[in-house]
Structures are given as C-alpha cells and as structure tokens.
Amino acid sequence: MHDVTLHDKRNILVVFPNLGDNVDRSNYLNDVYVVCINVYKKSKRVEVILASKTLLSPTVLYSVQKSLKSIFEESIVRIKITYETDYAIEEVMAKYWKDILLVVLCNMIIAKAILSNAKYELDGNNLKIMLTTKGASILLSKKCNTVIESLIEDYLGKLVRVEFCDYELTTQDRVSYIKEKESEENRVVAKSLKVNESIIS
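Residues numbered from 1 in each chain as written. Predicted model: local features only at pLDDT ≥ 70, side-chain atom pairs only at ≥ 80, totals over all residues. Heavy atoms only, no water.

Engineer: Can you lay out the pattern of salt bridges for me, pointing to particular residues and giving the numbers?
Structural biologist: Evaluated as defined, the whole model comprises 2 salt bridges. Where R78 meets D154, a salt bridge forms, and the shortest distance between an N and an O atom there is 2.8 Å. Taken together, the positions of R78 in strand β4 (residues 76-83) and D154 in helix α7 (residues 144-156) put the pair 76 residues apart, joining distant regions of the chain. Residue R78 is classed as partly exposed on the basis of its relative accessible area, which comes to 33%. (Salt bridge = Lys/Arg side-chain N within 4 Å of Asp/Glu carboxyl O. Helix = DSSP H or I, 4+ residues; strand = E, 2+ residues; numbered from the N terminus. Buried < 20%, exposed > 50% of the residue type's maximum accessible area, 1.4 Å probe, protein only.)

Engineer: Give me the lowdown on the layout of surface pockets, citing residues and values where you can.
Structural biologist: Looking at the largest pocket, its volume works out to about 410 Å³. In this structure, the largest pocket is lined by 17 residues; those nearest its centre are Q65, V77, R78, S150 and D154. Among the secondary structure elements, those contributing two or more residues to the lining of the largest pocket are β3 (45-52), α3 (58-71), β4, α4 (89-107) and α7. Looking at the lining of the largest pocket element by element, the count peaks at 5 residues for α7. Split into classes, the residues belonging to the lining of the largest pocket amount to 9 nonpolar, 3 polar and 5 charged. Estimates place the volume of the second largest pocket at around 160 Å³. The wall of the second largest pocket is formed by W97, K98, L101, L102, L105, S116, N117, A118 and K119. (1 Å grid on protein atoms, 1.4 Å probe; cavity = no way out; pocket = protein on both sides within 12 Å on 5 of 7 lines; lining within 4 Å. Points joined across faces, edges and corners; volume = space filled by probe spheres on them. Nonpolar A, V, L, I, M, F, W, Y, C, P; charged D, E, K, R; others polar.)

Engineer: Would you mind going over the environment of K119 in detail, with residue names and values included?
Structural biologist: With respect to the secondary-structure elements, K119 resides in strand β5 (residues 119-123). Taking relative accessible area as the criterion, K119 reaches 57% and is therefore assigned exposed. Measuring from C-alpha to C-alpha, the distance between K119 and M130 comes to 5.1 Å, with 11 residues separating the pair along the chain.

Fair warning: the whole summary comes from geometry, so function is off the table for now.
Okay, structure coming up:
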C-alpha cells in the first residue's frame, strides 16, 4: 500500500480540480477536504479519505466517486467521509433515504423492481427495509444488504445492520384480492355465456 497523507487538509477542489467542472456539484464541495489517499497497487484500489463540515447527499458523493474513477483510470475507487458534527442516525435516514435508494439502484439494476418504493424502519442501528413485494431472498443472495451497509458507512459515517422484510398481505389486502378474483371469474363466466348464446341463436 502506498499511503499519501496531506500535511494540511486541502479542499477537494484544489486536490482534484476537475471535480469543479460540474458547477452544481462543486457548490456542495466548498467545505469538503481531502485528509488522506491510500493507494493499493496490487489490488488496484484507491481509498480517498474525506472530511466535511456539513452532511452531504449520497448522490453528490456517488458523483464524486465516479469522477475520481476516471482520474485513477482502472483502479477501484472508494471514498470514506467523516463529519465534524455527529448527526443522529434518525436525522440522516429521514433526510437521505431516497438518495440512498437511488445510488443503490444505480449500482444494482436487478434490485430496481424489488427496492423501488421501499420504506424503512429504524431500531437502534438495525435498519429494516420494508419491501412492497417479495424479494428479500434475492436481495440477500446479491449481497444488497452489504452494499447498503457500506454505502451508509462510507457516505454518511453511520454503522447499520440491514434486514429486508418481504411485503405481507394484510386482512384487507386479502379481502380485496378475493373480491377482485371473484369479479374476474364472474366476467369470464358472463362472457362465456354470451358467446354460447350467440352460437346457439
């Protein structure tokens, strides 16, 4: 590993000027500083350690990470950030849940149909993701829980344990489903009788 530690923290736009090409993004980076850059030559990985005065959106950090990949060419780039203020996990999740989902879906297209519109519940550091369909086992097999845990740790500085909960039909859902099935069956029967009457006549 080749470790590059900056003697004085430098603004990320000074260390990586090309990040300022995106004006909208650069406005968020004025208070973001590069603390350290770790280069792992054998595994072709780069780890950029950042510090920020304010909480940043995961979508902004994901955009930064993609730009850094173009700088470090074929290397796998990971960014980790710490914040001067210790934000409560409840505040972080309430503010950025939709952004977290957006970044995850950019990385795991297969999860889109399952994770879209998912809600969450917090129990301490346990993050329960409530799905609107079945698919928890698929997400686990693709290690989507690990992806989300790493994203929240790297981008938001919080440790969580992710659990997926399949959607379960409520009593009202079951009643509505049965009524819909009966209505559909009645329509099919009525249509069949109408056809038979037409043939007979």
